[in-house]
Amino acid sequence: MTRKLYIRPIALADSPQSEEGEAVRLGGAMVWASRFAILVRENGRVISRERVPAARMPGALAALPADLGAAAEAQWANLRKVRAPLRLTVKGGGERTIRLDQPQVMGILNMTPDSFSDGGRFLDDVEVASAHAAAMLEAGAAIVDLGGESTRPGAAAVWEGDELKRVVPMVERLAAMGAAISVDTRRPAVMEATLAAGAHIINDVSALRYDPRSLELAASSGAPVMLMHAPGKADDLHSGAVFDDVVLDVFDWLAARRDACLAAGIAADRIILDPGFGFGLTLAQNLALFNALPLFHALGHPLLVGVSRKRMIGALSNEAPAHERLGGSVALAVKAIDAGAHLLRVHDVAETVQAVRVWRGLRDAALTDFSQLPD
Ligand code: 9MG
């Protein structure tokens, strides 16, 4: 019999004073929670669910059975832990940082012929691709996420040599522009070559499972890694989803991949976690996972959300095609930062950055609104 415990924040607030100070800041983001669900599951099934106000959490955790105590304390600490800024090693020497106490936007740059939304737009013209990257940076993207292989369902695998040819010259251009660069790849050779060319972050949708050498490469590089959940095998990420409970299973899966990375020598403060929206999930599963985003702060790492223009938006809006999903993408981006997401991976940078800035203004105003405090 294995019992597992989860602490899910269930009442979120835009300032601590709106909860008379009895709220906990989540993951160092501008988001507070005043109530939590303590869930216990046994053999895959949730067997108890207790809802506890923030002020009563220490007592509730102390009263848990011994076999759940350590996980409970770790998750409670993780929920409240401030996330360290991302530290990026700069080619040629030095370091730069990306703060995670406010939401940051990653702009997508696909050098592919077949990505679901912008496939073919940039592959054949590095000038057009560079201009698009420059526009994303100008609009406020903190990171450019560069990919040379489509991850959409059914996309043809790319030969490693072709992937390298697509991304390495672009990394050099982006680095010359001063961009912080993540490279969306599953191949250690591509990770190695792009980091050497000036990239800073590894974004692997297989969570370093595709090739066993990736773990070691990522560890020795010292680069931050984005680990995304996908239910399928590392070479077929969109199939094979079988869940007892999509939210808790994805949580356990990410915890296990995080542990594998720690064991391989990747530092905890270099690991970013991502639930992997749209990868092999039904609409209902995507929505359940999205609504449960605050739970993932209990893993103790920065949270990355990628929903931009994805099918779940089309499914909820009369089958709107990918290029007509801006409204849904921005709506989900705002919901994600409401839940404390630290990083948003998006196509529409200017619109998302504007939404984030407006959201930030509202949070700042809520934080300095003392009218809600008792006299
Ligand atoms: C490459 N790619 C496509 N979708 C993604 C998502 O949701 N997250 C991450 N990290 N990468 C993605």
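So, how was this worked out
- Residues numbered from 1 in each chain as written.
- Predicted model: local features only at pLDDT ≥ 70, side-chain atom pairs only at ≥ 80, totals over all residues.
- Heavy atoms only, no water.
- Buried < 20%, exposed > 50% of the residue type's maximum accessible area, 1.4 Å probe, protein only.
- Helix = DSSP H or I, 4+ residues; strand = E, 2+ residues; numbered from the N terminus.
- Pairing = 2+ DSSP bridges.
- Polar contact = N/O pair within 3.5 Å; in protein donor to acceptor, adjacent residues only side chain to side chain.
- Contact = heavy atoms within 4.5 Å.
- Domains from an automatic or database assignment.
- Buried area = accessible area lost by both parts, 1.4 Å probe.
- Salt bridge = Lys/Arg side-chain N within 4 Å of Asp/Glu carboxyl O.
- Axes fitted to C-alpha atoms, helices over the stretch in contact; angles between N-to-C directions.
- Parallel < 35°, antiparallel > 145°, perpendicular 65-115°, else oblique.
- Left-handed = near helix turned anticlockwise from the far one by under 90°.
- Nonpolar A, V, L, I, M, F, W, Y, C, P; charged D, E, K, R; others polar.
- Core = buried A, V, L, I, M, F, W, Y, C linked by side-chain atoms within 4.5 Å.
- Near = heavy atom within 4 Å.
- Areas by Shrake-Rupley, 256 points an atom, 1.4 Å probe, with all protein chains shown as cover.

Engineer: Describe the pairing of strand β14 (residues 343–346), listing the residues and the values that go with them.
Structural biologist: Residue alternation in β14 divides its side chains into two sets, Leu 343 and Arg 345 and Leu 344 and Val 346, and both sets are buried. Two strands pair when backbone bridges link them, and strand β7 (residues 104–110) and β14 are joined in this way by 4 bridges, in the parallel orientation. Bridge pairing in β14 links Gly 107 to Val 346. Two elements, strand β13 (residues 304–305) and β14, share 2 bridges in a ladder whose sense is parallel. For Val 305, the partnering residue across the bridge sits in β14 and is Leu 344.

Engineer: Report on the side chain of Thr 185, specifying residues and quantitative values.
Structural biologist: By the element assignment, Thr 185 lies in the loop between β9 (181–184) and α5 (188–197). Assessed through its relative accessible area of 2%, Thr 185 is described here as buried. There is a polar contact of 3.2 Å between the side chain of Thr 185 and the backbone nitrogen of Arg 187. With residues up to four places along the chain from it excluded, the contact list for Thr 185 reads Glu 163, Val 190, Met 191, Asn 203 and Asp 204.

Engineer: Explain the side chain of Asp 249 to me, and be specific about the residues and the numbers.
Structural biologist: For Asp 249, the location among the structural elements is in helix α7 (residues 246–263). Beyond its immediate chain neighbours, meaning those up to four positions away, Asp 249 contacts Arg 41, Val 242, Phe 243 and Asp 244.

Engineer: Got a sec to walk through the domain arrangement of the protein chain? Specific residues and values, please.
Structural biologist: As assigned here, the protein chain comprises domain 1 (4–80) and domain 2 (86–363). The straight-line distance from the C-alpha centre of domain 1 to that of domain 2 is 28 Å. Contact with domain 1, which involves 22 residues of that partner, is made by 24 residues of domain 2. Of all residues in domain 1, the largest losses of buried area upon contact with domain 2 belong to Arg 8, Met 30 and Arg 41, amounting jointly to 31% of the total for that side. Scanning the region where domain 1 abuts domain 2 turns up 3 salt bridges. Here Asp 249 and Arg 41 are joined by a salt bridge, their closest N and O atoms 2.6 Å apart. Run the count over domain 1 and domain 2 and you get 8 residue pairs in polar contact (both at pLDDT 80 or more). Breaking the side of domain 1 that touches domain 2 down by element, the ones donating at least two residues are β1 (3–13), β3 (32–42) and α2 (66–80).

Engineer: Could you give me a rundown of the packing of α5 against helix α6 (residues 213–221), with the residues and numbers involved?
Structural biologist: Where α5 meets α6, the closest approach of the two axes is 9 Å, and the angle between their N-to-C directions is 20 degrees. Between α5 and α6, the interaxial angle falls into the category roughly parallel. In the crossing of α5 with α6, the sense of the turn from one axis to the other is left-handed. Where α5 approaches α6, its residues Pro 188, Met 191, Glu 192 and Leu 195 are matched on the opposing element by Arg 213, Ser 214, Leu 217 and Ser 221. Within the contact of α5 with α6, the residues separate by chemical class into 4 nonpolar, 2 polar and 2 charged.

Engineer: If you had to explain the pattern of salt bridges to someone new, which residues and values would you point to?
Structural biologist: As enumerated under the stated definition, the model contains 19 salt bridges in all. Measuring nitrogen to oxygen at the nearest pair gives 2.6 Å for the salt bridge that ties Arg 213 to Asp 211. Owing to a relative accessible area of 57%, Arg 213 belongs among the exposed residues under this scheme. A single salt-bridge network, built from bridges that share partners, covers Lys 4, Arg 41, Asp 249 and Asp 252.

Engineer: I'd like to hear about the sheet that holds strand β11 (residues 225–228), residue by residue, with values.
Structural biologist: In spatial order, the strands read β12-β11-β10-β9-β8-β7-β14-β13; together these 8 strands make up an open sheet with parallel pairing. Because the sheet does not close on itself, it has two edges, and the strands there are β12 (271–274) and β13. Relative to β7, helix α11 (residues 349–367) is tilted by about 170 degrees, and along the sheet it contacts β7 and β14.

Engineer: Provide a residue-level description of the nonpolar core, including the pertinent values.
Structural biologist: Counting 99 residues, the largest nonpolar core has Phe 36, Leu 109, Leu 174, Leu 208, Phe 296, Val 305 and Leu 344 as its most contacted members. For this core, the element with the most residues is α7, which contributes 8 residues. Two domains each provide a minimum of three residues to this core, namely domain 1 (4–80) and domain 2 (86–363). What Phe 296 contacts, discounting residues up to four positions off in sequence, is Val 247, Val 250, Phe 251, Leu 254, Leu 289 and Leu 303. Listed in part, the 13 residues of the second largest apolar core include Ile 98, Met 106, Met 226 and Leu 343.

Engineer: How would you summarise the packing of helix α3 (residues 126–138) against helix α4 (residues 160–177) if you had to cite specific residues and measurements?
Structural biologist: Across the interface, α3 lies against α4 with an axial gap of 11 Å and an inter-helix angle of 35 degrees. Where α3 crosses over α4, the handedness of that crossing is right-handed. From α3, Val 126, Glu 127, Ala 129, Ser 130, Ala 133, Ala 134 and Leu 137 reach across to α4, where they touch Met 170, Arg 173, Leu 174 and Met 177. Residue classes in the contact of α3 with α4 are distributed as 8 nonpolar, 1 polar and 2 charged.

Engineer: Describe the site of the ligand, and please don't skip the residues or the numbers.
Structural biologist: By nearness alone, every residue bordering the ligand is listed as Thr 151, Asp 184, Asn 203, Val 205, Met 228, Asp 274, Phe 279, Leu 304, Gly 306, Lys 310 and Arg 345. Within the side chain of Asp 274, an N or O atom sits 2.5 Å from a nitrogen atom of the ligand. Take Gly 306: an N or O atom from its main chain is 3.2 Å from an oxygen atom of the ligand. For the ligand, whose unbound accessible area comes to 310 Å², protein coverage reaches 97%. Residue composition of the shell around the ligand, by class: 4 nonpolar, 3 polar and 4 charged.

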